Structure formats: structure tokens, C-alpha cells
Amino acid sequence: RYRSDEVVAFVQARYPSLDVQFHSSESDHTGRGLGALLPHLPNRFLYTHGNIDIPGAVLSRVIKASYRAPGQTWFAATGRADIAPTHPVFYAEESRVRRVSRHPDPAVSQPPLFSLGVGVIAKASIGSVLGECTTEELWAGSPDRIGLIQYEGEWWHLERPADVARYQDSRRGILNV
């Protein structure tokens, strides 16, 4: 929500052919927010947390994958739990998701992948869930319609003031901060 009007104006100025809209939910839970907003969104849409800084090449890979398989949802994901503790957890085989949960399951021997908070969502991959729901409920009926682009490089989740301070320190001399 922070400065969303500026972000929309920036993108529209550079990509006038795109239909750029900003939708927000009062929910602080990804599943609840998406479930509540689905009726207002197109059949396929870019989804991103507003507090993520990820290389454009990763986003480009996610978008390209979504064009190759338009009925599927694609997320960028990482195996590094230390930097994505609040994001959905995926258990996948060969880039295809088999299960989605909110937290890692110690009973599952397979290592989890964590959402980087960026994806292209196809409504067809969600199923019939509308309204407030959990992340697990949102994806429960169709986890096999979710693909992952794994990325283990640098990215930033600017959730807490300490995260922002670390980010700014890492960018001194690059950004005007």
C-alpha cells in the first residue's frame, strides 16, 4: 500500500500497453488476501509482495514460464529458509509442486522451497476458493498446477526495520540512501 500510486504510475509510464492495477487486502495473510481479491483480478496476473527486491532476471524467468504454460501458476522460490520464514512452503519434484504449507513439515524428508513472494498466478490453478482462506486452502486442490523457478542468489525481504537497514548498508554507494 505504501506509495502504490507511484509504483502504478511508474509502470504505466514505461509499459503503456499493460493494464496495471493495484489491489490490496486488509489481511496480513497471503491466502486470505488473494482469496478476497480474486473476483477483482484477471485470469492471469503478476503477484508480488511490496517489500521484495529481487533481480529482474528472476522475474523475467517466472513471466516466461507463465507464457509457456498459461494455465499454471509460477513462483520464484528458494531453499534458504533463513531469509523467507514467513512465506509459503512448497514441496516439489522436478519444479512441479506436490504440496503447499505454511511452515516446513519435519515429517517430510524432502527439503522445502520457500516462496520469494513473486509469481504469475493463473486463476485456473487455484480452483474454487473465494473469500478469506489460508494459504494451504488456497492451493490445496491444485498444487500440481504450480511451477517453481528456483533461485538461490541475493534477494531482499524488507519486512522489519532491521531488514531495511541491512539492505541500505549493502547498497551504500549504489543507491542514494
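Note: the structure precedes this text.
Residues numbered from 1 in each chain as written. Predicted model: local features only at pLDDT ≥ 70, side-chain atom pairs only at ≥ 80, totals over all residues. Heavy atoms only, no water.

Considering the packing of aromatic side chains
Right, on to step 1. One pass over the structure, following the stated rule, counts three aromatic pairs.
Right, on to step 2. On the numbers, 5.4 Å between centres and 75° between planes, the contact of Trp156 with Tyr167 is edge-to-face. Placement of the pair is Trp156 in strand β8 (residues 156–157) and Tyr167 in helix α5 (residues 161–170), with a sequence separation of 11 residues. Each member of the pair, Trp156 together with Tyr167, is buried.
Right, on to step 3. Joined through ring pairs, the aromatic side chains of Tyr47, Phe75 and Phe90 make up one cluster.
Right, on to step 4. Above the face of the Tyr67 ring, Arg44 is positioned so that its terminal group lies 4.4 Å from the ring centre. (Phe/Tyr/Trp six-rings, centres within 6.5 Å; stacked < 30°, edge-to-face > 60°. Helix = DSSP H or I, 4+ residues; strand = E, 2+ residues; numbered from the N terminus. Buried < 20%, exposed > 50% of the residue type's maximum accessible area, 1.4 Å probe, protein only. Lys NZ or Arg CZ within 6 Å of the ring centre and 35° of its normal.)

Comments concerning the nonpolar core
Right, on to step 1. One finds Phe45, Phe75, Phe90, Val97, Ile121, Ile146 and Leu148 to be the most contacted residues of the largest nonpolar core, which totals 17 residues.
Right, on to step 2. For Phe90, the residues in contact, after removing those within four places along its chain, are Phe75, Ala77, Val97, Arg99, Val100, Pro112, Leu113, Ser115, Ile146 and Leu148.
Right, on to step 3. One finds Ala76, Leu116, Val118 and Ile149 within the second-largest nonpolar core, a separate group that totals 14 residues. (Core = buried A, V, L, I, M, F, W, Y, C linked by side-chain atoms within 4.5 Å. Contact = heavy atoms within 4.5 Å.)

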